Structure formats: structure tokens, C-alpha cells
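# Reading the structure
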Amino acid sequence: MLPLGVEVGFSSAGAGALGTAALLSLTSLSPAQVVGTDIVFGFLLSLIGSGAHGFFHGTNSSLLRHLILGGLAGVALGTVTVRWIPKRPLRFALWVWLLVVGSQFIYTNAFAASHH
């Protein structure tokens, strides 16, 4: 998880996807446990990283409020619905989502790098 911590230090983009992929691949946790563990891990790392950025005045408080409200609503909805989704299809759906997010992340960074 050291590389994830380093990545969160300069950009939280992709850290959740990488952490989830690692937990899905390297453990026998259920999808709900993977997501829960990744959320707590990400929260703690983000808290430390955002504290550093906030200390240096690198935050937008209006955007932060919207992110927190949306994130809390998403966590609540996900926590409730995960009880009714079978583990195998949920695990597959997580992998597909991670593939989409990872591909978009790579494409965006490769595209941005080619125009600079």
C-alpha cells in the first residue's frame, strides 16, 4: 500500500481504484468487505493528504462541501444495496468499473501529456 500512499500524496485520482483492485486480487474478502476496507483506508489517507493541502491553502471549501455530501449519500446507498446483490456478480461489476475508471485515467493523462 506504500505506492497508494505516495499516489494519494500528490493526486487522489485512481488511488481508490488501485486499492480496490489490490484488495480484490490479493484477498478473499467479500466485495462489501473490500469496499468497506478501501473506504476506511482511503478516508484516512485522504484525511492526512487533505490536511496537508488545507494547511497550504490548497482547498476549495464550496467544492469540498459538495464532494462530502455526495460521497456520504453514495456510501449510504451502497451500504444498503450491497446486501441484496450476490457476491459473484458484484465482484465482476467492481472489476468492470475499475477497468473503466482505470482506462479513463490512463487515456486522460496520456491525452493531456501529448498536448503539452
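What you see is a predicted model, and the numbers here were worked out from it, not measured in a lab. As a convention, each chain's residues are numbered from 1 in the sequence order in which they are written. Side-chain atom pairs in this predicted model are given and counted only at pLDDT of 80 or more, local residue features only at pLDDT of at least 70, and totals for whole chains, interfaces and linings cover all residues. Only heavy atoms go into the side-chain values, all of them from the structure, while hydrogens and water stay out.

### Some remarks on the overall build of the protein chain
For the record, the criterion: Helix and strand definitions follow DSSP, with helices as H or I runs of at least four residues and strands as E runs of at least two, each counted in order from the N terminus. Between buried and exposed lies partly exposed: a residue is buried under 20% and exposed over 50% of the maximum accessible area for its type, with that area taken using a 1.4 Å probe on protein chains only. We get accessible surface area from the Shrake-Rupley algorithm with a probe of 1.4 Å; when it comes to residues, only the shown protein chains can shield them.
Scanning the protein chain from N- to C-terminus turns up 5 helices and 0 strands. Among the 116 residues that make up the protein chain, the fraction classed as buried is 16%. Of the roughly 8,600 Å² of accessible surface on the protein chain, 75% is carried by carbon and sulfur atoms.

### Points about the environment of Lys 87
Put simply, the test is: Any two residues having at least one pair of non-hydrogen atoms within 4.5 Å are treated as being in contact.
Structurally, Lys 87 can be placed in helix H5 (residues 87-114). When the C-alpha positions of Lys 87 and Ala 32 are compared, they lie 8.3 Å apart, and in sequence the two are 55 residues distant. Setting aside residues up to four positions removed in sequence, Lys 87 forms contacts with Ser 30 and Pro 31.

### Focus on the confidence of the model for the protein chain
Selection criterion: As a per-residue measure, pLDDT tells how confident the predictor is, with possible values from 0 to 100.
Summing up the model confidence of the protein chain, the mean pLDDT is 76 and the portion of residues at 70 or higher is 82%. For the protein chain, the element scoring lowest by mean pLDDT is helix H1 (residues 2-10), at 56; helix H4 (residues 61-81) scores highest, at 81.

### Comments concerning the nonpolar core
Within soluble globular proteins, side chains that are nonpolar tend to cluster in buried spots. Basically, it comes down to this: As used here, the term nonpolar core means buried Ala, Val, Leu, Ile, Met, Phe, Trp, Tyr and Cys residues forming a set that is joined through side-chain atoms within 4.5 Å.
The biggest cluster of nonpolar side chains holds 7 residues, and these are Ala 17, Ala 21, Leu 23, Leu 24, Val 34, Leu 94 and Leu 98. Contributions of two or more residues to this core are made by helix H2 (15-26) and H5. In terms of residue count, the dominant contributor to this core is H2 (4 residues). Excluding anything up to four places from it in sequence, Leu 94 contacts Leu 24, Pro 31 and Val 35.

### Comments concerning a nonpolar patch on the surface
Note the following rule: Patch definition: residues above 30% relative accessible area lacking any salt bridge, with like charges linked at up to 9 Å and the nonpolar side chains Val, Leu, Ile, Met, Phe, Trp and Tyr linked at up to 5 Å. One speaks of a salt bridge when a side-chain nitrogen belonging to Lys or Arg is within 4 Å of a carboxyl oxygen belonging to Asp or Glu.
Among the surface-exposed residues, Val 40, Phe 43, Leu 44 and Leu 47 lie close enough to one another that they form a single nonpolar patch of about 400 Å² accessible area. Position of Phe 43 relative to the elements: it lies in helix H3 (residues 31-55).

### Overview of the environment of Thr 59
Here Thr 59 lies in the loop between H3 and H4. In this structure, Thr 59 is in contact with Ser 50, His 53 and Gly 54, ignoring residues within four places of it in sequence.

### Looking at H3
The line we're drawing: Each residue after the first adds 1.5 Å to the expected span of a helix.
Compared with the 36 Å implied by 1.5 Å per residue over 25 residues, the 35 Å span of H3 between its first and last C-alpha is a close match. Of the positions making up H3, those classed as buried are Pro 31, Val 34, Asp 38 and Gly 49.

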